[in-house]
Amino acid sequence: MIRRMRESDLEGAARLEKRYFSVPWTREQLGESLQSGQYLFLVAEENGQVAGYAGLLRVMDEGDVTNVVVDEAYRGKGLGTRLMAALLEEGRGCGMKEFTLEVRVSNQRAIRLYESLGFVQEGIRKRFYERPVEDALIMWKRDQGATSNLLFR
């Protein structure tokens, strides 16, 4: 089941952060973000546990995907795709028209997932990630009907 994150999900989300990210968000950071109103978090719940979650920061009418993680025990079953698709749908429902994210250049599995959802590669952020230091690929999913001037992006 994919649903909006609740305060009771913070421990599970923080556990996934700590397990899978080299610079994880803390429970407190997640809680503050959840309460801020600028963030949208969804969780994938399996057997009463947080099996994955994804977050989105609203910046005007754009959504910045901040966190996406699925526990290894649940990978390879389409959960990440369903979670991301639901996040984009919820974001659109909140008025977001375009979405962006950064992903490690070595994370080919995630890059393929994002591309399958319509994200395209638009740039590189040099040395964006720590532990280990690595470049980030900048990806965008833009509203096909929007008229935007890419010179100012």
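## Focus: the overall build of the chain
When helices and strands are tallied, the chain shows four helices and seven strands. Ordered by position from the N terminus, the helices and strands of the chain form the series β-α-α-β-β-β-α-β-α-β-β. In summary, the chain has a C-alpha radius of gyration of 15 Å against a globular reference of 15 Å for 153 residues, a match within 12%. Counting only C-alpha atoms, the chain reaches 45 × 35 × 30 Å along its principal axes. Split into buried and exposed, the 153 residues of the chain put 41% on the buried side. Within the chain, residue pairs in contact and separated by at least 24 positions form 57% of the contacts whose partners lie at least 6 positions apart. Within the chain, one finds 23 positive and 23 negative side-chain charges whose respective centroids are separated by 3 Å.

## Notes on the environment of Thr66
Structurally, Thr66 can be placed in strand β4 (residues 62-70). A relative accessible area of 28% places Thr66 in the partly exposed class. For Thr66 and Leu16, which are 50 residues apart along the polypeptide, the C-alpha to C-alpha distance reads 14 Å. Residue contacts for Thr66: discarding those within four places in its chain leaves Trp25, Tyr39, Phe41, Gly55, Leu56 and Leu57.

## Notes on the pairing of strand β2 (residues 39-46)
Two elements, strand β1 (residues 2-4) and β2, share three bridges in a ladder whose sense is antiparallel. From the neighbouring strand, Ile2 faces β2, where its bridge partner is Ala44. Relative to strand β3 (residues 49-59), β2 runs antiparallel, the two sharing eight bridges. By the bridge assignment, Glu45 is partnered in β3 with Val50. From the end of β2 to the start of β3, which pair antiparallel, there are two residues, and Asn47 there has a positive phi angle of about 55 degrees.

## Focus: the layout of surface pockets
Size it by volume and the largest pocket reaches roughly 1,200 Å³. Considering the residues around the largest pocket, the lining is formed by 35 residues, among which Phe21, Val68, Val103, Asn107 and Tyr114 are closest to the centre. Elements represented by at least two residues in the lining of the largest pocket include exactly α1 (10-20), β4, α3 (79-93), β5 (98-104), α4 (108-116) and β6 (120-129). Broken down by element, the residue count for the lining of the largest pocket peaks at seven residues, all from β4. For the lining of the largest pocket, the residue count by class is 17 nonpolar, nine polar and nine charged.

## Points about the packing of aromatic side chains
Any pair of aromatic rings gets described here by the distance separating the centres and the angle formed by the planes. Counted under the stated rule, the structure contains six aromatic pairs. With a centroid separation of 5.9 Å and an interplanar angle of 85 degrees, the aromatic rings of Trp25 and Tyr39 are classed as edge-to-face. One end of the pair, Trp25, is in the loop between α1 and α2 (27-36); the other, Tyr39, is in strand β2, and 14 residues separate them in sequence. Judged by centre distance (5.0 Å) and plane angle (90 degrees), the ring pair of Phe128 and Tyr129 falls under edge-to-face. Seen from the ring of Tyr20, Arg75 lies directly overhead, with NZ or CZ sitting 4.6 Å from the centre. Over the ring of Trp140 we find Arg142, and its NZ or CZ is 4.1 Å from the ring centre.

## With respect to the environment of Arg4
Secondary-structure assignment places Arg4 in strand β1. The spatial distance from the C-alpha of Arg4 to the C-alpha of Leu137 is 27 Å, given a sequence separation of 133 residues. The contact partners of Arg4, leaving out residues within four places of it in the chain, are Asp9, Leu40, Phe41, Leu42, Val43, Glu90 and Cys94. At 2.8 Å, the side chain of Arg4 forms a polar contact with the side chain of Glu90.

Conventions and cut-offs
Residues numbered from 1 in each chain as written. Predicted model: local features only at pLDDT ≥ 70, side-chain atom pairs only at ≥ 80, totals over all residues. Heavy atoms only, no water. Helix = DSSP H or I, 4+ residues; strand = E, 2+ residues; numbered from the N terminus. Rg over C-alpha atoms; globule rule 2.2 N^0.38 Å. Buried < 20%, exposed > 50% of the residue type's maximum accessible area, 1.4 Å probe, protein only. Contact = heavy atoms within 4.5 Å. Lys, Arg positive; Asp, Glu negative; His and termini not counted. Charge placed at Lys NZ, Arg CZ, Asp CG, Glu CD. Pairing = 2+ DSSP bridges. 1 Å grid on protein atoms, 1.4 Å probe; cavity = no way out; pocket = protein on both sides within 12 Å on 5 of 7 lines; lining within 4 Å. Points joined across faces, edges and corners; volume = space filled by probe spheres on them. Nonpolar A, V, L, I, M, F, W, Y, C, P; charged D, E, K, R; others polar. Phe/Tyr/Trp six-rings, centres within 6.5 Å; stacked < 30°, edge-to-face > 60°. Lys NZ or Arg CZ within 6 Å of the ring centre and 35° of its normal. Polar contact = N/O pair within 3.5 Å; in protein donor to acceptor, adjacent residues only side chain to side chain.

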